[in-house]
Amino acid sequence: MRTPRSDRPVRLIARAVVSILATAIVVCASSQTSAPAVVKVEPPSWWAGHSINPVRLLVRGKNLVGARVRSTNPAIRASEVFINRSGSYLFVSVTIAGAPKPGSYPLIVETAGGRAMIPFTVELPLNAKTHFQGITSDDVIYLIMPDRFANGDQTNDKPTGSPAAANDRRNPRAYHGGDLRGIINNLQYFKDLGVTALWLTPWYDNWNGVNDCDKPWCPNTYYHGYHAIDYYAVEDHFGDMATLRELVEKAHGLGLKIVQDQVANHVGSRHPWVTDPPLDDWFHGTAEHHSLNKFQNSVLLSPHANSTEVRNTLDGWFNDDLPDMNQEQPEVTRYEIQNALWWIGSTGLDAIRQDTIQYMPREFIRDLANSLHRQYPQMWMVGEVFERDAAQTSFFIGGHAGWDGMDTKLDSVFDFPLWNTSLLAFTNKVPMRALRDQLKYDALYPAPLKITTLANNHDTPRFMSLEGASLEGAMLHTAFTLSVRGIPQLYYGEEIAMEGKEDPDNRRDFPGGFPGDSRNAFTTQGRTAKEQRMYQWTKGWIRLRAEHSALRRGDLIDLFYDDDAYVFARQDKTETVIIAINRAEKERKVTLPASSIGLKDGADLTSLMGDFGGTQVLNGQVNLSIPPKMAVPYTVR
Ligand SMILES: [Ca+2]
Ligand SMILES: [Ca+2]
Ligand SMILES: [Ca+2]
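It is worth spelling out the overall build of the chain at this point. From N to C terminus, the chain includes 14 helices and 28 strands. Computed over C-alpha atoms, the radius of gyration of the chain comes to 26 Å, within 12% of the 26 Å expected from 2.2 N^0.38 for 637 residues, which places it in the range of a compact globule. Each principal axis of the C-alpha distribution contributes one length, and for the chain these read about 95 × 50 × 50 Å. Split into buried and exposed, the 637 residues of the chain put 60% on the buried side. Long-range pairs, those at least 24 residues apart, make up 74% of the contacts in the chain between residues at least 6 apart in sequence.

Dropping the structure here:
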């Protein structure tokens with residue numbers, strides 16, 4: 001999530017609901033003898049032998065003031081009950097003793113008015129050998145917006161109660177019908193392309209309604225998933241828990257990992273908490289009184305920043321429509337860490353992408369990362385620090401302490417600085433040497449191989465819609481992203497050179513994914529010649545990466561850089577691969593210091609893609625001719 005979204009029509013409604021609810025609370029307080037009721041339990045399940053024990057349940061209900069909680073089974077013990085003033089929320093710690101059999105272990109909540117059941121189950125843990133695998137630079141991540149990729153189940157296109165205007169393929173801000181089944185149906189497509197991990201934008205349940213206003217961005221919906229109304233449910237347009245489990249299992253069966261998009265910084269304004277928060281300080285502020293984030297992000301990096309600006313950046317709402325969670329409240333921290341672990345444990349997913357991570361306290365990032373690693377040693381989380389300054393992005397990656405003494409333990413951050421430079425270089429706006437000039441700031445990172453190098457994402461215009469874009473430029477950008485150090489991440493549709501300007505135009509439906517589409521770009525026959533050229537190119541570079549450990553894990557050594565060309569080596573203990581990129585309209589001759597990377601006279605350089613012949617090392621040097629508008633990978637033998 002990059003810029004504040006401009007859909008802010010709900011504030012007045014929220015105020016009205018607050019006022020109605022205040023009345024309701026008075027009514028409840030006057031009827032103390034009403035029986036307690038339980039509406040929702042979060043988390044609804046947990047595991048024996050888990051690194052978090054006791055688990056803290058948040059129970060939403062009614063008439064909970066004065067309630068006592070007891071277990072119905074000695075394997076489960078309830079303690080530390082806290083009930084909010086209005087009796088609408090109850091916190092209770094649940095200790096799971098020993099290794100009880102998986103099954104139902106309900107708790108009983110009792111008041112003078114009666115009793116109710118708190119449903120709770122102990123689940124059988126999923127096999128850790130085949131799940132929770134994490135991500136390394138051996139992977140290639142592919143980002144999907146489920147609503148826009150493929151519609152595999154038309155029965156969920158219009159959930160009950162969802163107005164027609166919310167589900168309309170003609171409106172780029174409405175739901176289009178894409179879903180988890182559509183992804184399951186196309187798993188072989190990813191396998192054929194060669195990517196190894198799928199990152200899905202959030203699958204939390206979002207509001208099914210439609211926002212209306214007199215602005216150009218209305219009517220709009222939360223098809224993108226970033227406005228959760230339930231941290232413990234799957235969006236009903238996308239499927240359900242069973243479909244999600246099926247997706248993870250089938251993906252794993254094909255060797256594809258699943259990355260969940262988590263959003264701990266904020267929920268949607270339609271979340272029940274907004275009008276009835278579990279605690280007064282559950283959010284930073286309220287729907288009526290809160291600050292708006294001014295996005296002075298650099299104050300989060302600076303040791304000289306004043307606390308007013310820092311607090312605004314951490315506590316301010318991303319926009320009026322996105323209530324900011326208060327991770328300084330220990331109950332919030334506990335809730336969110338458990339929620340992250342619950343999704344992992346319940347689905348078997350492999351990794352997490354964390355939205356807008358810098359707007360949360362660094363202590364929280366560290367505590368979350370530590371909790372993930374404690375339970376799932378290979379678990380991997382990448383944080384969105386949407387900055388073009390490597391000093392800022394590197395400040396948030398784990399593996400080193402910042403000036404504040406804090407090591408966030410965060411596994412990865414997206415490389416927005418290099419992405420930005422690559423877009424500029426391959427649309428001819430900066431010289432090619434700018435790539436090398438940006439990469440020198442890898443000095444700020446403890447481990448450059450751990451950075452996530454995005455080709456693009458859902459918050460930015462697609463490459464083909466940038467000023468100065470050409471198919472050849474897009475091909476070079478893709479080749480560079482797939483051969484430079486780090487963990488590459490692609491965005492759906494870029495492999496067929498899809499176009500799209502700013503959000504939501506950059507989120508068009510994948511051709512062939514939807515009933516009635518005039519062609520099917522999932523198949524060779526369904527692609528245009530241009531699309532097929534880009535597809536084959538992308539697939540070729542992904543395969544090259546899979547076949548050469550140096551491209552995945554090797555050091556990067558600069559060999560040549562000027563206005564139009566950049567040549568670098570990727571080198572590990574077993575091999576050297578040289579990547580030569582020339583963006584100019586004519587052939588480029590370059591001389592490389594071969595002896596500096598240990599190449600001996602007589603060694604052969606052979607092109608690994610295309611028919612570009614080879615050359616030999618002579619007098620410690622290599623003379624290469626790089627064809628116009630081309631990236632050529634060479635192996636050395
Ligand atoms: Ca559907
Ligand atoms: Ca929904
Ligand atoms: Ca925040």
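Per the stated rule, a full pass over the model turns up one disulfide. Note on cysteine connectivity: Cys213 is disulfide-linked to Cys218, with sulfurs 2.1 Å apart. Its S-S torsion of about 105° marks the bond between Cys213 and Cys218 as right-handed, since a negative value means left-handed. The class for Cys218 is buried, based on a relative accessible area of 12%.

Taken in spatial order, the three strands make up an open sheet running E2-E10-E7, and their pairing is mixed. This sheet does not close on itself; its edge strands, each paired only once, are strand E2 (45-47) and strand E7 (103-104). As paired strands, E2 and strand E10 (residues 121-123) are joined by three bridges and run parallel to one another. Each residue of the ladder has a partner; that of Trp47, found in E10, is Glu123.

It is worth spelling out the packing of aromatic side chains at this point. In total, this model carries 45 aromatic pairs according to the counting rule given. A ring pair is formed by Phe149 and Tyr492, whose centres lie 6.1 Å apart and whose planes are at 85°; its orientation type is edge-to-face. Separated by 343 residues along the polypeptide, Phe149 in helix H2 (residues 146-149) and Tyr492 in the loop between strand E20 (487-491) and helix H13 (529-547) bring together distant segments of the chain. Grouping residues by exposure puts Phe149 and Tyr492 together as buried. Both rings, one in Phe149 and one in Phe510, keep their centres 5.3 Å apart while their planes meet at 55°; by these two values the pair is tilted. In this pair, Phe149 sits in helix H2 while Phe510 sits in the loop between E20 and H13, placing the two residues 361 residues apart along the sequence. Phe510 carries the same exposure label as Phe149, and that label is buried. Across the ring face of Tyr492, the terminal group of Arg462 is positioned such that the distance to the ring centre comes to 4.8 Å.

Taken together, the protein ligands of the calcium ion (ligand 3) are Asn265 (OD1), Leu314 (O), Asp324 (OD), Asp324 (OD) and Tyr359 (O), with distances of 2.3 to 2.5 Å. Assessed through its relative accessible area of 0%, Asp324 is described here as buried.

What follows concerns the coordination of the calcium ion (ligand 2). Only Asp205 (OD), Asn206 (O), Asn208 (OD1), Glu235 (OE), Glu235 (OE) and Asp236 (OD) from the protein reach the calcium ion (ligand 2) as donors, at distances of 2.3 to 2.7 Å. Coordination at the calcium ion (ligand 2) is irregular, judged from the six donor atoms that bind it and the angles of 48 to 176° they form at the metal. Mapping the donors of the calcium ion (ligand 2) onto the primary sequence yields the spacing D-N-x1-N-x26-E-D. Residue classification places Asp205 among the buried positions, given a relative accessible area of 15%.

It is possible for side chains of opposite charge to pair when their charged atoms get near one another. Per the counting criterion, the structure on display carries 40 salt bridges. Glu246 is paired through a salt bridge with Lys250; the nearest N and O atoms lie 2.7 Å apart. Separated by four residues within a single helix, Glu246 and Lys250 lie in helix H5 (residues 241-253), roughly one turn from each other. Note that Asp505 and Arg508 form a salt bridge whose closest N and O atoms lie 3.0 Å from each other. For Arg508, a relative accessible area of 36% gives the class partly exposed. Taken together, the shared-partner salt bridges connect Asp261, Arg353, Asp355 and Glu384 into one network.

For the rest of this paragraph, the subject is the nonpolar core. Grouped together as the largest cluster of nonpolar side chains are 187 residues, with contacts concentrated most on Tyr142, Phe190 and Ile578. Ranked by residues supplied to this core, first place goes to helix H7 (residues 330-347) with eight residues. When near neighbours in sequence (up to four residues on either side) are disregarded, Phe190 contacts Tyr142, Ile144, Phe149, Ile183, Val195, Leu198 and Leu256.

Here Glu531 is to be found in helix H13. By relative accessible area, which is 9% here, Glu531 ends up buried. A distance of 3.0 Å separates a polar atom in the side chain of Glu531 from the backbone nitrogen of Thr528. Not counting the four nearest positions on each side in its chain, Glu531 is found in contact with Glu495, Ile496, Arg519, Ala521 and Gly526.

Criteria and thresholds
- Residues numbered from 1 in each chain as written.
- Chains lettered and ligands numbered in written order.
- Predicted model: local features only at pLDDT ≥ 70, side-chain atom pairs only at ≥ 80, totals over all residues.
- Heavy atoms only, no water.
- Helix = DSSP H or I, 4+ residues; strand = E, 2+ residues; numbered from the N terminus.
- Rg over C-alpha atoms; globule rule 2.2 N^0.38 Å.
- Buried < 20%, exposed > 50% of the residue type's maximum accessible area, 1.4 Å probe, protein only.
- Contact = heavy atoms within 4.5 Å.
- Disulfide = S-S within 2.5 Å.
- Pairing = 2+ DSSP bridges.
- Phe/Tyr/Trp six-rings, centres within 6.5 Å; stacked < 30°, edge-to-face > 60°.
- Lys NZ or Arg CZ within 6 Å of the ring centre and 35° of its normal.
- Donors = N, O, S within 2.8 Å, 3.2 Å for Na, K, Ca; no water.
- Tetrahedral: all angles 85-135°; square planar, octahedral: opposite > 155°, others 65-115°.
- Salt bridge = Lys/Arg side-chain N within 4 Å of Asp/Glu carboxyl O.
- Core = buried A, V, L, I, M, F, W, Y, C linked by side-chain atoms within 4.5 Å.
- Polar contact = N/O pair within 3.5 Å; in protein donor to acceptor, adjacent residues only side chain to side chain.

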